[in-house]
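Coordinate analysis (summary)
Spelled out from the first residue to the last, the chains are:
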Amino acid sequence: MNSNYPIMVKLEGKKAVVVGGGKVAERKVTGLLDSGAQIVVVSPEATEELIRLASIGKIDWQQKPFSEEDIHGAFLIFAATNDNELNQAIKRSAGDLQLVTIADDPEGSDFHVPSQIHRGRLTISVSTGGASPTLARKIREQLDHQFDERYEEYLEFLFLARQRILKEVKDPSRKRKLFTGIVSDEFLNSQDLEADFLRLMQKNDV
Ligand SMILES: C[C@@]1(CC(=O)O)c2cc3[nH]c(cc4nc(cc5[nH]c(cc(n2)[C@H]1CCC(=O)O)[C@@](C)(CC(=O)O)[C@@H]5CCC(=O)O)C(CC(=O)O)=C4CCC(=O)O)c(CCC(=O)O)c3CC(=O)O
Ligand SMILES: NC(=O)C1=CN([C@@H]2O[C@H](COP(=O)(O)OP(=O)(O)OC[C@H]3O[C@@H](n4cnc5c(N)ncnc54)[C@H](O)[C@@H]3O)[C@@H](O)[C@H]2O)C=CC1
C-alpha cells in the first residue's frame, strides 16, 4: 500500500464544494470555515447549522440536487451525500486536477480529512488513512490535553522571536542556541515573554 503524503494547503479564495447537507457535510464545512475558502454546499436539504451559516453569508447554499456544473472551478470537492452511487458519480465527473473525497469510500478518495487540533499557528493532525476515524479522534483528544491553550500565545511568541533572531543574529551557532533556547518549558510557562527573551538574547551575546 502506498502511504498518504501530508501537506498543509492554503485555501484562501479557492472554491470548495460540499455535496450533501447532512451531519457529515456539516462537519466538513465547519472544518473549512477558518480557511478563507469560498464554500459552496449543494443539497436539496441542509442541517440547521448549515442553514444558519448560509443565512449569515459564510457559505453559499445551492438548494438543489447535484449536477455536474456545480463542481466547475472547484479545487476541493466533498462527496458527502447518503447516495453512494451519486458519490461515485461526483468523483467521476471531476477533472484530474480536482481533489475529491468520498465520504463513504476512503480507498476511492484523493484525500482524507484528518482529526485536528489548532492552537493559533500550531496545527496537529492525526490520520489513520481511513482505518479507524474513531482512533484518530481518540488520539486527538489525548493531544488536546497535552497541547493546551497556552500554545496559542506561545506560538505567536515563537514566530516573532524567530523573525527577530533571523534578522539580528548572524552567527550560526548563536542562532541555533537561541532557536533551541526559546523552545523550552521556561518560555512556554513564562509570565513575561519579552523580558525572558531579552535576557536570553543578552546571555547569548558575543
Ligand atoms: C476516510 C475518512 C474520509 C473523510 O471523511 O475525510 C472518513 C471516513 C469514514 N468515517 C466514518 C465514520 C466516522 N467518522 C467519524 C469521525 C471523523 N471522521 C473523520 C475523517 C474521516 N472519516 C476520513 C479518514 C480519517 C482517518 O482515519 O484518518 C474525522 C477524523 C475528521 C472529520 O471528519 O472532520 C472525524 C473525527 C474528528 C474528531 O473528532 O477529531 C466517526 C466518529 C465520530 O463521529 O466521533 C465515525 C463513526 C464511527 C466509525 O465508523 O469509526 C465512516 C463510516 C460511515 C458509515 O458508517 O457509513 C467512513 C467511511 C468508511 O470508512 O467507509
Ligand atoms: N466521512 C465521514 O466522516 C463519515 C461518513 N459517513 C458517510 O457519509 C455519508 C453522509 O452521511 P450523513 O451526513 O450522516 O447523511 P445524511 O443522511 O444526514 O445526509 C445526506 C445528505 O445528502 C443530501 N443529498 C441526497 N441526495 C442528494 C443529491 N442528489 N444531491 C445533493 N445532495 C443530496 C441530503 O439532502 C442530505 O442532506 C453516508 O454515505 C455515510 O455512510 C458517515 C459518517 C461519517
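Coordinates for the structure precede this section.
Source: prediction; values computed, not measured.

**Description of the packing of aromatic side chains**
Under the defined criterion, the tally for this structure stands at six aromatic pairs. Each ring, one from Tyr151 and one from Tyr154, has its centre 6.0 Å from the other, and the planes form 75°; the classification is edge-to-face. With Tyr151 and Tyr154 both in helix H5 (residues 150–168) and three residues apart, this pair spans about one turn of that helix. In this pair, the class of Tyr151 matches that of Tyr154, namely buried. The ring of Phe75 has Lys14 lying over it, and the distance from NZ or CZ to the ring centre is 5.3 Å.

**Quick notes on the site of ligand 1**
Close to ligand 1 lie 18 residues, the nearest being Lys28, Ser115, Thr128, Arg137 and Arg140. At 2.5 Å, a side-chain N or O of Lys28 approaches an oxygen atom of ligand 1. Residue Ser115 places a side-chain N or O atom 2.3 Å away from an oxygen atom belonging to ligand 1. Against a free-state accessible area of 1100 Å², the protein chains account for coverage of 66% of ligand 1. Contributions of two or more residues to the shell around ligand 1 are made by helix H1 (23–32) and helix H4 (133–146). Looking at the shell around ligand 1 element by element, the count peaks at four residues for H4.

**Notes on the nonpolar core**
Side chains that are nonpolar tend, in soluble globular proteins, to be buried together. Judged by nonpolar contacts, the single largest core of 22 residues is most densely connected at Tyr154, Phe157, Ile165, Ile182, Phe187 and Phe197. Sorting the residues of this core by element identifies strand S7 (122–126), H4, H5, helix H6 (172–182), helix H7 (185–188) and helix H8 (193–203) as the ones contributing at least two each. Taken domain by domain, the makeup of this core includes at least three residues from each of domain 2 (114–148) and domain 3 (150–203). Excluding residues that lie within four positions of it along the chain, Tyr154 makes contacts with Ile182, Val183, Ser184, Phe187 and Leu188. Among the nonpolar cores identified, the runner-up in size contains 17 residues, and Ala16, Val18, Leu53 and Phe78 belong to it.

**Regarding the sheet that holds strand S2 (residues 38–42)**
The strand order S3-S2-S1-S4-S5 describes an open sheet built from five strands, whose pairing is parallel. Two strands bound the open sheet, and with one partner strand each, they are strand S3 (60–62) and strand S5 (99–102). Between one strand axis and the next, the sheet turns by 15° as a mean value, whatever way the strands run.

**Some points on the site of ligand 2**
Taken together, 20 residues are adjacent to ligand 2, and Gly21, Lys23, Val24, Arg27 and Phe66 come closest. Val24 is positioned with one of its backbone polar atoms (N or O) 2.9 Å from an oxygen atom of ligand 2. Separating a nitrogen atom of ligand 2 from a backbone N or O atom of Phe66 is a distance of 3.0 Å. For ligand 2, whose unbound accessible area comes to 870 Å², protein coverage reaches 69%. It is H1 that provides the largest number of residues to the shell around ligand 2, a total of four residues. Residues belonging to the shell around ligand 2 are distributed by class as follows: nine nonpolar, six polar and five charged.

Rules used in this analysis
- Residues numbered from 1 in each chain as written.
- Chains lettered and ligands numbered in written order.
- Predicted model: local features only at pLDDT ≥ 70, side-chain atom pairs only at ≥ 80, totals over all residues.
- Heavy atoms only, no water.
- Phe/Tyr/Trp six-rings, centres within 6.5 Å; stacked < 30°, edge-to-face > 60°.
- Helix = DSSP H or I, 4+ residues; strand = E, 2+ residues; numbered from the N terminus.
- Buried < 20%, exposed > 50% of the residue type's maximum accessible area, 1.4 Å probe, protein only.
- Lys NZ or Arg CZ within 6 Å of the ring centre and 35° of its normal.
- Near = heavy atom within 4 Å.
- Polar contact = N/O pair within 3.5 Å; in protein donor to acceptor, adjacent residues only side chain to side chain.
- Areas by Shrake-Rupley, 256 points an atom, 1.4 Å probe, with all protein chains shown as cover.
- Core = buried A, V, L, I, M, F, W, Y, C linked by side-chain atoms within 4.5 Å.
- Domains from an automatic or database assignment.
- Contact = heavy atoms within 4.5 Å.
- Pairing = 2+ DSSP bridges.
- Axes fitted to C-alpha atoms, helices over the stretch in contact; angles between N-to-C directions.
- Nonpolar A, V, L, I, M, F, W, Y, C, P; charged D, E, K, R; others polar.

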